[in-house]
Amino acid sequence: MTHTALITGITGQDGYYLSRLLLNKGYRVVGLAPPSRQSSVTKLGDLADQVEIYFVDLTDSQALAVAVEQMQPDEIYNLAAPSFVPQSWADPLGTLDLVTGTATRLLTAIRQIGLETRFYQASSSELFGHVEDSPQSELTPFRPKNPYGAAKLHAHWTMVHQREHYGLFACSGILYNHESPLRPPQFVTRKVSLAAASIKLGLSDRLYMGNLDAKRDWGFAGDYVEAMWLMLQADTPEDYVIGTGRLHSVRDLIATAFESVNLDWTQYVDVDPNLLRVDEHFQLVANPAKAKKNLSWQPQISFERLVETMVRTDLERLKTGAVAPITVDQQVS
Ligand code: NAP
Ligand code: GDP
């Protein structure tokens, strides 16, 4: 029998890779998206014709419950969120409303309708925030340090409470930064890949960056959606830390990207103090041992291959006019 998966945030980076994975496994894939975001569906590109989109206001409990009842999904992946952390300072309440509200509404619908639906919540390494221990595991205390992390923590606890109180099959993936050519350009990996490609083609000549010493545990989005799916196939619902366990600095990222197109990055990159962030001394790095042991999950794509692929894709896109080169006034952090 065909399995049905509902995905919120289907038009984002992970939505694309997850849809592709599930379609390849023979699932019927339905995206839940607000009518106001209809134009985002084009971001699904080649998959747009293979998935169904059910337009519904994610803040409308009743309408969401109707959608869940109609679709009778085997699995729900709750990915919708304003995912760029600095944005959450501008709209903390909107971030909380969407992130916690959608998780709560979907879990309530599953429970009230009495479905056996398995539920995945997109949690984040930002739950850990002000960490004292590195690397972080499922046992590390949560101390979020921004409105995004706080909203994600609230959604995480809501999911845990529903699981423990009602026995729902609900899991949280505590995912570290994961990237791809579909990452929006405000994120540092894509900003750098687009800049390296733009400079290589003579379309730009400078790149202004924030903290070059900041470090992240970066992986490939395609590997991470596999972990989401595996969590929902397990015998018991549990939460998992998903990351590579390796740290790279922004400087490493830039060097790898520019080297891949035979450029000396030191000739093109300046630090703009306006792009520096506060509170950057905490090192978020995953200990994904539990996922490796229980789910047999491990990342397949190396940092170097990820960055090279992103630069190569941006080179092709720039040559065909599919994206515009990065310009100085776009270099906001
Ligand atoms: P993304 O590319 O930014 O996609 C976010 C999705 O949420 C998009 O479909 C977006 O719609 C939708 N969305 C944003 N604001 C919304 C709103 N107000 N109402 C309804 N929908 C809204 O993010 P991603 O990288 O795929 O990440 C997927 C999930 O994993 C997110 O919850 C993110 O917070 C979480 N996460 C990501 C990472 C990472 O490194 N990528 C790490 C940990 C956790 P539009 O397409 O219309 O904008
Ligand atoms: P985040 O981990 O979700 O905040 O992902 P980002 O890709 O936005 O940022 C990753 C790291 O890169 C952070 O430590 C930033 O301070 C650092 N960084 C350094 N320069 C830049 C920049 O120009 N833009 C962005 N977005 N981040 C930068």
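Our subject is the structure listed above.
Only a predicted model underlies this, so the values are computations on that prediction, with no experimental measurement involved.

Novice: Any details on the site of ligand 2? Residues and values, ideally.
Specialist: Taken together, 16 residues lie near ligand 2, and Val188, Lys191, Arg216, Arg277 and Glu280 sit nearest. Contact between ligand 2 and Val188: an oxygen atom at 2.8 Å from a main-chain N or O atom of the residue. Contact distances for ligand 2 include 2.9 Å between a nitrogen atom and a backbone N or O atom of Gly210. Here ligand 2 loses 98% of its free accessible area of 540 Å² to cover by the protein chains. Class assignment for the residues of the shell around ligand 2 results in seven nonpolar, five polar and four charged.

Novice: Describe unusual backbone geometry, naming the residues involved and giving the relevant values.
Specialist: Note the cis peptide between Ser134 and Pro135, where omega equals -5°. Along the polypeptide, Pro135 turns up in the loop between strand S5 (118-124) and helix H5 (147-166). Even without being a glycine, Asn262 presents a positive backbone phi close to 55°. Mapped onto the fold, Asn262 is located in the loop between helix H8 (250-259) and strand S13 (269-271). Here the phi dihedral of Ser296 falls at roughly 55°; this positive angle occurs in a residue that is not glycine. With respect to the helices and strands, Ser296 occurs in the loop between helix H9 (289-295) and helix H10 (303-320).

Novice: Let's hear about the packing of aromatic side chains: which residues, and what values?
Specialist: Following the criterion strictly, the structure yields 10 aromatic pairs and no others. Pairing Phe84 with Phe187 gives two aromatic rings, centres 5.0 Å apart and planes at 75°, and the pair type is edge-to-face. You can see Phe84 sitting in the loop between strand S4 (75-78) and helix H3 (85-90) and its partner Phe187 sitting in the loop between strand S7 (178-179) and helix H6 (188-200), a full 103 residues away along the chain. Each member of the pair, Phe84 as well as Phe187, is classed as buried. Look at Trp218 and Phe303: their rings are 6.0 Å apart centre to centre, the planes differ by 25°, and that puts the pair in the stacked class. Within this pair, whereas Trp218 is found in the loop between strand S9 (215-216) and strand S10 (219-220), its partner Phe303 is found in helix H10, the two being separated by 85 residues in sequence. Grouping residues by exposure puts Trp218 and Phe303 together as buried. Members of the aromatic cluster, connected to one another through ring pairs, are Phe128, Phe142, Trp157 and Tyr176. Here Lys25 stacks its cationic end above the ring of Trp229, 3.8 Å away from the centre of that ring.

Novice: A description of the site of ligand 1 should follow, citing residues and the corresponding values.
Specialist: Near ligand 1, the surroundings consist of 27 residues, among which Thr11, Ser40, Lys43, Ser83 and Tyr148 are the closest. At 2.9 Å, a backbone N or O of His178 approaches an oxygen atom of ligand 1. Protein burial of ligand 1: of its 900 Å² of free accessible surface, 87% is covered by the chains. Looking at which element gives the most residues to the shell around ligand 1, the answer is S5, with three residues.

Calculation notes
- Residues numbered from 1 in each chain as written.
- Chains lettered and ligands numbered in written order.
- Predicted model: local features only at pLDDT ≥ 70, side-chain atom pairs only at ≥ 80, totals over all residues.
- Heavy atoms only, no water.
- Near = heavy atom within 4 Å.
- Polar contact = N/O pair within 3.5 Å; in protein donor to acceptor, adjacent residues only side chain to side chain.
- Areas by Shrake-Rupley, 256 points an atom, 1.4 Å probe, with all protein chains shown as cover.
- Nonpolar A, V, L, I, M, F, W, Y, C, P; charged D, E, K, R; others polar.
- Helix = DSSP H or I, 4+ residues; strand = E, 2+ residues; numbered from the N terminus.
- Phe/Tyr/Trp six-rings, centres within 6.5 Å; stacked < 30°, edge-to-face > 60°.
- Buried < 20%, exposed > 50% of the residue type's maximum accessible area, 1.4 Å probe, protein only.
- Lys NZ or Arg CZ within 6 Å of the ring centre and 35° of its normal.

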